[in-house]
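Listed below are the residues making up each chain.
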Amino acid sequence: MLNTGFPVLSTLIFFPLIAAVVLFFLRGEQTIRVFTLVVSLIECILVLPLLRFDTTTANFQFVEKIAWVESWNIHYYLGIDGISVLMIILTVLLLPICVLCSWNYIGKRVKEFHFCLLLMTTACVGIFSALDFVLFYIFWEAMLIPMYLLIAVWGGPQRRYASLKFFIYTLTGSTLFLAAIVAFFINTGTFSIPELMEHRYTFQFQIWTFLAMSLAFAIKVPMFPFHTWLPAAHVEAPTAGSVLLASILLKMGTYGFLRFCLPITPAASDFFAPLMITLAVISIIYGSFVALGQSDMKKLIAYSSVAHMGFVTLGIFVFISRGIEGAIMHMVNHGIITGAMFLMVGLIYERSHSREIADNAGLSRHLPIYTSFLLLFTLAAFGFPGTNGFFSKLLVLIGVFESSYVLGVLFVFGLILGLAYLIRLLLNVGWGTPRKGEGWQDMNIREWLYLVPLGLLVIYLGVAPGRAMSFIQPSIENLMNNFEIERHIRFEPPPQPGPILSSTDNILVYEYETGHEIRLTGLELAELRDSLSQNTR
């Protein structure tokens, strides 16, 4: 494990939290907005050391470990590898974008809103960098509070229903996850995630812990049939809330599959893979069909997220290296693309006060720059060559076809459905029969500032994905090497020996319940006698 000496991860975690506390001593809405924007830009500077990430090793890097509650073997333990580093960078980059897109949209309780944004950043970075189960769970739960408030306080007309549903679903998953954490501690006596990866567990134990963890992660993704909280949350949340929800929070589910399920419960992951693949395929087909029938732009993008996260989950559970690499890249790319799509909806909502496709048709005539950005992000969402969506979906597609031609065909069918609902959105909003738009201002400087970086990332990761891929490849190679060794091992505790059949000074014979006899002689017998004598003292 590599340690740079400087607490990079702790700085990224606690700097927004300290700024959130300072926020309560400030006065004036504009002052609060400017302060939060400056903090977010400083956070972007603080994340730059992560670009020095060593791409030649699968070891955890930027490690920090301090004893916290020694009697319970709990540590303040941080570190990142190729699975988590890109998600931390994306989380930090989205903070100033969320501040800018909310500049005029949020007009009440401005201080509390920006406090929630900063707290969300702290929790999300903590989740992706925690290497102690207790610490991870604290950040996991801490993320729930500000997201609930963003929906409940600054959401739309049905915000109470949406926020309560989000809270109930997520808290239910968290309770199951906590049960799994306790089970691991009872079994091993440690909360250290790297140490838990080194242990072997009985197949029955893996089954139950996998079920508890995977249900928590399936709710977060969300997978069918646990997806029903997502459309309501997206529709009612403010634009910044939708961006964080789609770009970061959904990825915590698939991150959990990769960080915990595959390395810690490999045999159970292999056993339940057909079920997970089936649910992923249903999510892709179901999410795409429902998105195809939506008239509300936010709902359309929300259901498309169900389908796209189905692609990610499918890429993980085919257990092919290319598929998993594509899944991680698509986690990042989907975060960029879908975040941008929600920004586009929020941008036009500030002008038309409607999210209906029919009310925002034919905008290319009056808002050509807006339509150009919409075209770019829509093509990226489909996976058009030259955009970031193409490369990640291609890798997943290759992995799926290597696993099964039937799954590959279903994957392609999902892509065709995705093309249908995205083209429908683009053609209607861009070149449909206009009802409004005359006299509307095209994109202003603030909107340029938060859309251009995302547009550049779409193009850069589409034409030159090699640098990003180099971050994740060693970790995926290490994960799959260990997984292939462990996935077929059905480790069970040995049966208890029966009565001694015979015993001499040199030979001891036990009979197991199965009828199998075992003979202990020589050094083995001497060690057993020493152990028995010590236990009887």
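Residues numbered from 1 in each chain as written. Predicted model: local features only at pLDDT ≥ 70, side-chain atom pairs only at ≥ 80, totals over all residues. Heavy atoms only, no water.

1. A closer look at the overall build of the protein chain
Summing up its helical and strand segments, the protein chain has 19 helices and five strands in all. Looking at the 537 residues of the protein chain, the share that counts as buried comes to 58%. Of the contacts formed within the protein chain by residues at least 6 apart in sequence, a portion of 78% connects residues at least 24 apart. Just so you have it, the protein chain exposes about 21,400 Å², and 64% of that area is on carbon and sulfur atoms. (Helix = DSSP H or I, 4+ residues; strand = E, 2+ residues; numbered from the N terminus. Buried < 20%, exposed > 50% of the residue type's maximum accessible area, 1.4 Å probe, protein only. Contact = heavy atoms within 4.5 Å. Areas by Shrake-Rupley, 256 points an atom, 1.4 Å probe, with all protein chains shown as cover.)

2. A short note on a nonpolar patch on the surface
A grouping of L375, L419, I423, L427 and W431 is seen on the molecular surface, where their side chains present a nonpolar patch of about 430 Å² in accessible area. Looking at which element gives the most residues to the nonpolar patch, the answer is helix 16 (residues 405-431), with four residues. With respect to the helices and strands, the residue L375 is situated in helix 14 (residues 368-382). For L375, a relative accessible area of 32% puts it in the partly exposed group. (Patch = residues over 30% accessible without salt bridge, like charges linked within 9 Å, V, L, I, M, F, W, Y side chains within 5 Å. Salt bridge = Lys/Arg side-chain N within 4 Å of Asp/Glu carboxyl O.)

3. Looking at the layout of surface pockets
The space that makes up the second largest pocket amounts to roughly 370 Å³. Surrounding the second largest pocket, 17 residues form its lining, L51, L86, I89, L93 and L457 being those nearest its centre. The residue inventory of the lining of the second largest pocket, partitioned by class, reads 16 nonpolar, no polar and one charged. (1 Å grid on protein atoms, 1.4 Å probe; cavity = no way out; pocket = protein on both sides within 12 Å on 5 of 7 lines; lining within 4 Å. Points joined across faces, edges and corners; volume = space filled by probe spheres on them. Nonpolar A, V, L, I, M, F, W, Y, C, P; charged D, E, K, R; others polar.)

4. A look at the side chain of S174
With respect to the helices and strands, the residue S174 is situated in helix 6 (residues 159-188). A distance of 3.1 Å separates polar atoms of two side chains, one belonging to S174 and the other to W140. A polar side-chain atom of S174 sits 2.6 Å from a polar atom in the side chain of E141. For S174, the contacting residues outside a window of four places in its chain are Y137, W140 and E141. (Polar contact = N/O pair within 3.5 Å; in protein donor to acceptor, adjacent residues only side chain to side chain.)

5. Comments concerning the environment of F185
You can see F185 is positioned in helix 6. Setting aside residues no more than four positions away along its own chain, F185 makes contact with W72, T190 and F191.

6. Considering helix 2 (residues 29-46)
With 18 residues, helix 2 should cover 26 Å at 1.5 Å per step; its first-to-last C-alpha distance of 26 Å lies within 8% of that length. Taken residue by residue, helix 2 has I32, R33, T36, L37, V39, S40, E43 and C44 as its buried positions. Viewed end-on, helix 2 has its buried residues packed into an arc of 160°, placing them on one side of the element. (Expected span 1.5 Å × (residues − 1). Arc of directions from axis to C-beta.)

7. Considerations on the confidence of the model for the protein chain
Overall, the predicted model of the protein chain reaches an average pLDDT of 87, with 90% of residues at or above 70. Ranking the elements of the protein chain by mean pLDDT puts strand 4 (residues 507-512) last, at 42, and helix 4 (residues 110-129) first, at 95. Between residues 498-522, whose pLDDT stays under 50, and residues either more than four places distant or in other chains, the model counts 52 contacts. (pLDDT = per-residue confidence, 0-100.)

8. Observations regarding the packing of helix 10 (residues 239-264) against helix 11 (residues 266-292)
Two elements in contact, helix 10 and helix 11, have axes whose closest approach is 6 Å; the angle formed by their N-to-C orientations is 115°. Viewed along their axes, helix 10 and helix 11 adopt a mutual orientation that is roughly perpendicular. Contacts between helix 10 and helix 11 involve F257, C261, L262, P263 and I264 from the first element and P266, S269 and M276 from the second. Residues that form the contact of helix 10 with helix 11 fall into these classes: seven nonpolar, one polar and no charged. (Axes fitted to C-alpha atoms, helices over the stretch in contact; angles between N-to-C directions. Parallel < 35°, antiparallel > 145°, perpendicular 65-115°, else oblique.)

9. Thoughts on unusual backbone geometry
Of note, the bond from V221 into P222 is cis; its omega dihedral lies within 30 degrees of zero at -10°. Here P222 is to be found in the loop between helix 8 (203-220) and helix 9 (229-236). Look at R109: it is not a glycine, yet its phi comes out positive at around 45°. Topologically, R109 is positioned in the loop between helix 3 (85-101) and helix 4.

10. Thoughts on the packing of aromatic side chains
Throughout the structure, instances matching the rule amount to 38 aromatic pairs. Centre to centre, the rings of F177 and F260 are 5.8 Å apart; their planes meet at 50°, and the pair counts as tilted. Of this pair, F177 sits in helix 6 while F260 sits in helix 10; the two residues are 83 residues apart in sequence, bridging distant segments of the chain. Judged by relative accessible area, F177 falls into the buried class, the value being 0%. (Phe/Tyr/Trp six-rings, centres within 6.5 Å; stacked < 30°, edge-to-face > 60°.)

11. Comments concerning the pattern of salt bridges
According to the stated counting rule, one finds seven salt bridges in the structure shown. Between R259 and D81 there is a salt bridge; the shortest N-O distance is 2.6 Å. Of this pair, R259 sits in helix 10 while D81 sits in the loop between strand 2 (74-80) and helix 3, and the two are 178 residues apart along the sequence. Of the two residues examined, R259 and D81, each falls in the buried class. Note that D296 is salt-bridged to R355, the shortest N-O span being 3.4 Å. One end of the pair, D296, is in the loop between helix 11 and helix 12 (297-317); the other, R355, is in the loop between helix 13 (321-352) and helix 14, with 59 residues separating them in the sequence.

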